[in-house]
Amino acid sequence: ALAAVGRQRSDEAGGEMGAEDWLYSVLDGCKRLAPMDPAMRLFSRILYGQAPEEEWRSQQRMLRRVIDELRARDRHENGQVMGKCSLDGALHAVREAYPALSPT
């Protein structure tokens, strides 16, 4: 989405974007997309100093754990990573990534 905003700015200016135009496009894209996209909202908060960068890094680590567990479950169910697993397999992967979320 940000690339589309950048292309639009480049086309309006009739040439290549300079650093200022590129930065404007990033900030404008954040402003437009933040209300609809939680990841973009967090990114925007970090850019404006309203959230620590570690918050984003923590979120990325969390997503990586879930993705790794989903791939492992996919491999377990299908013999190889095929990009799919059962609903029970997906729930198992989330429980493996986050045992604290499992019912006791």
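Nothing here was measured: the structure is a model prediction, and the numbers come from that model. (Residues numbered from 1 in each chain as written. Predicted model: local features only at pLDDT ≥ 70, side-chain atom pairs only at ≥ 80, totals over all residues. Heavy atoms only, no water.)

Undergrad: It is not clear to me how the overall build of the protein should be interpreted in this structure. Could you clarify?
TA: In terms of helices and strands, the protein carries five helices and zero strands. Reading the secondary structure of the protein in the N-to-C direction produces α-α-α-α-α. By the burial criterion, 18% of the 104 residues in the protein qualify as buried. For the protein, restricting intrachain contacts to residue pairs at least 6 apart in sequence, the fraction spanning at least 24 positions comes to 23%. If you sum the accessible surface of the protein, you get close to 7700 Å²; carbon and sulfur atoms cover 56% of it. (Helix = DSSP H or I, 4+ residues; strand = E, 2+ residues; numbered from the N terminus. Buried < 20%, exposed > 50% of the residue type's maximum accessible area, 1.4 Å probe, protein only. Contact = heavy atoms within 4.5 Å. Areas by Shrake-Rupley, 256 points an atom, 1.4 Å probe, with all protein chains shown as cover.)

Undergrad: Would you take a moment to explain a nonpolar patch on the surface for this structure?
TA: Taken together, F43, L47 and Y48 make up a surface patch of nonpolar side chains, about 290 Å² in accessible area. Structurally, F43 can be placed in helix α3 (residues 38-47). The class of F43 is partly exposed, set by a relative accessible area of 32%. (Patch = residues over 30% accessible without salt bridge, like charges linked within 9 Å, V, L, I, M, F, W, Y side chains within 5 Å. Salt bridge = Lys/Arg side-chain N within 4 Å of Asp/Glu carboxyl O.)

Undergrad: Sorry, what's going on with the pattern of salt bridges here?
TA: Between side chains of opposite charge, a pair can form as their charged atoms come close. In the structure shown here, the tally under the stated rule is six salt bridges. Between E53 and R57 there is a salt bridge, and its shortest N-O distance comes to 2.5 Å. In this pair, E53 and R57 both sit in helix α4 (residues 53-78), four residues apart, roughly one turn of the helix. On the basis of relative accessible area, E53 is assigned to the partly exposed category, the value being 45%. The class of R57 is partly exposed, set by a relative accessible area of 40%. Among the ionic pairs, R64 bridges to D68, the shortest N-O distance being 3.4 Å. One end of the pair, R64, and the other, D68, are both in helix α4, four residues apart, so they sit about a helical turn from each other. The exposure class of D68 is partly exposed, given its relative accessible area of 38%.

Undergrad: Hey, could you run me through α3 in this one?
TA: Residue pairs three or four apart in sequence face the same way in an α-helix, which turns once every 3.6 residues. Taken together, the buried positions of α3 are M40, L42 and S44. You can read the cap of α3 off the contacts: a side-chain oxygen lies 2.9 Å from the backbone nitrogen of A39, and it is on D37. Looking one or two places after α3, you find G49, whose phi comes out positive at around 75 degrees. (Polar contact = N/O pair within 3.5 Å; in protein donor to acceptor, adjacent residues only side chain to side chain.)

Undergrad: I'm lost on the packing of α3 against α4 in this one. Help?
TA: The geometry of α3 relative to α4 is characterised by a closest axis approach of 9 Å and an angle of 150 degrees between their N-to-C directions. When the interaxial angle is binned, α3 and α4 end up roughly antiparallel. Side by side, α3 and α4 meet where L42, R45 and I46 of the first sit next to E53, E55, W56 and Q59 of the second. When grouped by side-chain class, the residues that make up the contact of α3 with α4 number three nonpolar, one polar and three charged. (Axes fitted to C-alpha atoms, helices over the stretch in contact; angles between N-to-C directions. Parallel < 35°, antiparallel > 145°, perpendicular 65-115°, else oblique. Nonpolar A, V, L, I, M, F, W, Y, C, P; charged D, E, K, R; others polar.)

Undergrad: Help me understand the environment of R45 in this model?
TA: Position of R45 relative to the elements: it lies in helix α3. Among residues more than four places away in sequence, those in contact with R45 are Q50, A51 and E55.

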